[in-house]
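Structural overview
What follows is each chain in one-letter form.
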Amino acid sequence: MSDPLYIFNRSQSEIVVESLLASSNLRSSMPTQQIQSLRVFVATWNVGGKFPHSGLNLDALLHVHGEYDIYVLGFQEIVPLNAGNVLVLGDNEPAAKWLAMINQSLNKSSSSSSGGRLGPKTPSFGAGSMFFAKPSLKKISESFRTECRRKLKICNCSTFSEEIVKKYGRESCFRCPEGLVNQSGVLSDDEEDEDDDDDDDEDEDEGGGKVASLVSNQMMMKYGLVASKQMVGIFLTVWMRKELIQHVSHLRISSVTRGIMGCLGNKGCIAVSLQLYKTSFCFICSHLASGEREGDERRRNSDVIEILKNTTFPRICRTSFTRVPDRITKHDRVIWLGDLNYRIALSYSETKTLLDKNAWDTLLNKDQVSLTVPFLTRNQISV
């Protein structure tokens, strides 16, 4: 199976992807295989450091009546890229606000049937008052989940994998034996992913109140939060229909910094890896080097190369039989979105003339992405 790479740049787009419920190598010999089509909505927005105002409505942006199965939403510059935010402070109030607004749009239909209530209570936000505690991104993320995050991170494989390996060979196995999972269905502590420091400990204490809250959320919400991560101004969040979330496993998050001196988080990427049924997905939100002078595109290319090289995901399944990917290009489906900063390699006047003529093929031929990123072909670029 080839590894397709979809790139989305500065505009919302959609694709239809297949969710494989069994290895493609076994299609002719396994009667239980199925293929399920899923609709994935992808949007990316550089908000220029502006805090979202309370009157902002995301319904049109998110096409909430489009009946999508998965939403992948990326933001850039959700905080101003000043020295304080880049070097010292971690302001997650804008990210929490964006989550609340996304939830308000995606779960609006369920809110109207429950007297206007939006699933979990939507938190109120100030304008960054220094006298009151800012909202916790971790706690707000918790309220928008329909499954405990720890359950999404585990390896939920069964011994069926071992039987498949014995009968059909090692390449047929997607998952590892359930022996790596303890009696509670959760990986042991030393196997927990520690890359995502925002959410790792959120499920440590699951009292009765928390369980009751999750059940209440499940009843009222149409979509649930699967993953969210902020790195300075870059923010990536993934939502799914709540009936799909129970089939998610091996959730891992990685980030690569490519900003000032190649080591600060004002530029770079956040990547989310997960397995839905038996198809592996990787969602990458990046903010690449800016600049329109000659040669600046090489800096963007360098960012892409370093992201591909340095983005790694910890191996949750510790067995030689597993095919759970640890690199971007090893996933079955890769979706790359963000403010890529690639330009049209023409002057302003030439570009405007071609735009007026709707000469899209000519413009695409001058797109720096197709000119300078060798592993892309034209039919893999969505504009």
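Look up: the structure comes first, before these words.
Residues numbered from 1 in each chain as written. Predicted model: local features only at pLDDT ≥ 70, side-chain atom pairs only at ≥ 80, totals over all residues. Heavy atoms only, no water.

Let us look at the overall build of the protein chain. The helix and strand tally for the protein chain stands at 13 helices and 11 strands. Across the protein chain, every contact between residues at least 6 apart in sequence was considered, and the portion connecting residues at least 24 apart equals 71%. Total accessible area computed for the protein chain in this model is approximately 18000 Å², and 50% of it derives from carbon and sulfur atoms. (Helix = DSSP H or I, 4+ residues; strand = E, 2+ residues; numbered from the N terminus. Contact = heavy atoms within 4.5 Å. Areas by Shrake-Rupley, 256 points an atom, 1.4 Å probe, with all protein chains shown as cover.)

What follows concerns the packing of aromatic side chains. The tally for this structure, following the rule as stated, stands at nine aromatic pairs. Pairing F41 with Y68 gives two aromatic rings, centres 5.1 Å apart and planes at 65 degrees, and the pair type is edge-to-face. With F41 in strand β3 (residues 35–46) and Y68 in the loop between α1 (59–62) and β4 (70–76), this pair connects stretches of sequence that are 27 residues apart. The pair formed by F41 and Y68 is uniform in burial state, with each residue classed as buried. Each ring, one from W45 and one from W98, has its centre 5.4 Å from the other, and the planes form 65 degrees; the classification is edge-to-face. Taken together, the positions of W45 in strand β3 and W98 in helix α3 (residues 93–106) put the pair 53 residues apart, joining distant regions of the chain. By relative accessible area, which is 34% here, W45 ends up partly exposed. Taken together, the aromatic side chains of F41, Y68, Y71 and Y223 make up a single cluster linked through ring pairs. Lying across the ring of Y68, R39 places its NZ or CZ 4.5 Å from the centre. The ring of Y342 is capped by R300, whose NZ or CZ atom sits 5.6 Å from the centre of that ring. (Phe/Tyr/Trp six-rings, centres within 6.5 Å; stacked < 30°, edge-to-face > 60°. Buried < 20%, exposed > 50% of the residue type's maximum accessible area, 1.4 Å probe, protein only. Lys NZ or Arg CZ within 6 Å of the ring centre and 35° of its normal.)

Once that is clear, we can look at the pattern of salt bridges. For the structure on display, the rule yields 12 salt bridges. Note that E67 and K222 form a salt bridge whose closest N and O atoms lie 3.5 Å from each other. One end of the pair, E67, is in the loop between α1 and β4; the other, K222, is in the loop between α8 (208–220) and β5 (223–231), and 155 residues separate them in sequence. We note a salt bridge from D356 to K352, for which the minimum N-O separation is 3.3 Å. Separated by four residues within a single helix, D356 and K352 lie in helix α11 (residues 348–356), roughly one turn from each other. (Salt bridge = Lys/Arg side-chain N within 4 Å of Asp/Glu carboxyl O.)

As a further point, take the nonpolar core. Counting residues in hydrophobic clusters, the biggest one holds 31 residues, and the most contacted among them are L62, Y71 and W239. Breaking this core down by element, the ones donating at least two residues are β3, β4, α3, α5 (137–143), β5 and β6 (234–241). Sorting elements by how many residues they give to this core places α3 first, with eight residues. With sequence-adjacent residues up to four places away left out, Y71 is seen in contact with F41, L62, H63, V64, L106, Y223, T237, V238 and W239. Ranked by size, the runner-up nonpolar core spans 28 residues in total, among them V40, A227, L274 and I335. (Core = buried A, V, L, I, M, F, W, Y, C linked by side-chain atoms within 4.5 Å.)

Of note, E67 is a non-glycine position whose phi angle comes to about 55 degrees, a positive value. E67 sits in the partly exposed class, given a relative accessible area of 41%. Despite not being glycine, Y277 shows a phi value in the positive range, around 55 degrees. With respect to the helices, strands and loops of the structure, Y277 is situated in the loop between β8 (268–276) and β9 (279–287). Residue Y277 is classed as buried on the basis of its relative accessible area of 18%.

With that settled, the discussion passes to the pairing of β5. Every regular strand shows the same layout, with side chains that alternate between the two sheet faces. The buried fraction of β5 is high, at nine of nine residues. Bridge analysis of β5 against β6 gives eight bridges, and the strand direction is antiparallel. Opposite K229, over in β6, you have L236 as the bridge partner. Between β5 and β6, which follow one another and run antiparallel, lie two residues, and V232 among them has a positive phi close to 55 degrees. (Pairing = 2+ DSSP bridges.)

Bringing the state of the cysteines into the picture now. Applying the stated criterion across every chain yields a total of zero disulfides. For the unlinked cysteine C269, the closest cysteine sulfur is that of C282, found at 8.3 Å. Residue class for C282 comes out buried when judged on its relative accessible area of 0%. (Disulfide = S-S within 2.5 Å.)

Look at α3: 20 Å from first C-alpha to last across 14 residues, which is about the 20 Å you get at 1.5 Å a residue. Of all the 14 residues making up α3, 13 are buried; the element is thus mostly covered by neighbouring parts of the structure. (Expected span 1.5 Å × (residues − 1).)

The next thing to look at is the environment of A95. With respect to the helices, strands and loops of the structure, A95 is situated in helix α3. On the basis of relative accessibility, which here comes to 0%, the residue A95 falls in the buried class. Distance from A95 to F51, taken between C-alpha atoms, is 9.2 Å for residues 44 residues apart in sequence. In this view, A95 contacts I78, L137, Q230 and F235; residues no more than four positions away in its chain are not counted.

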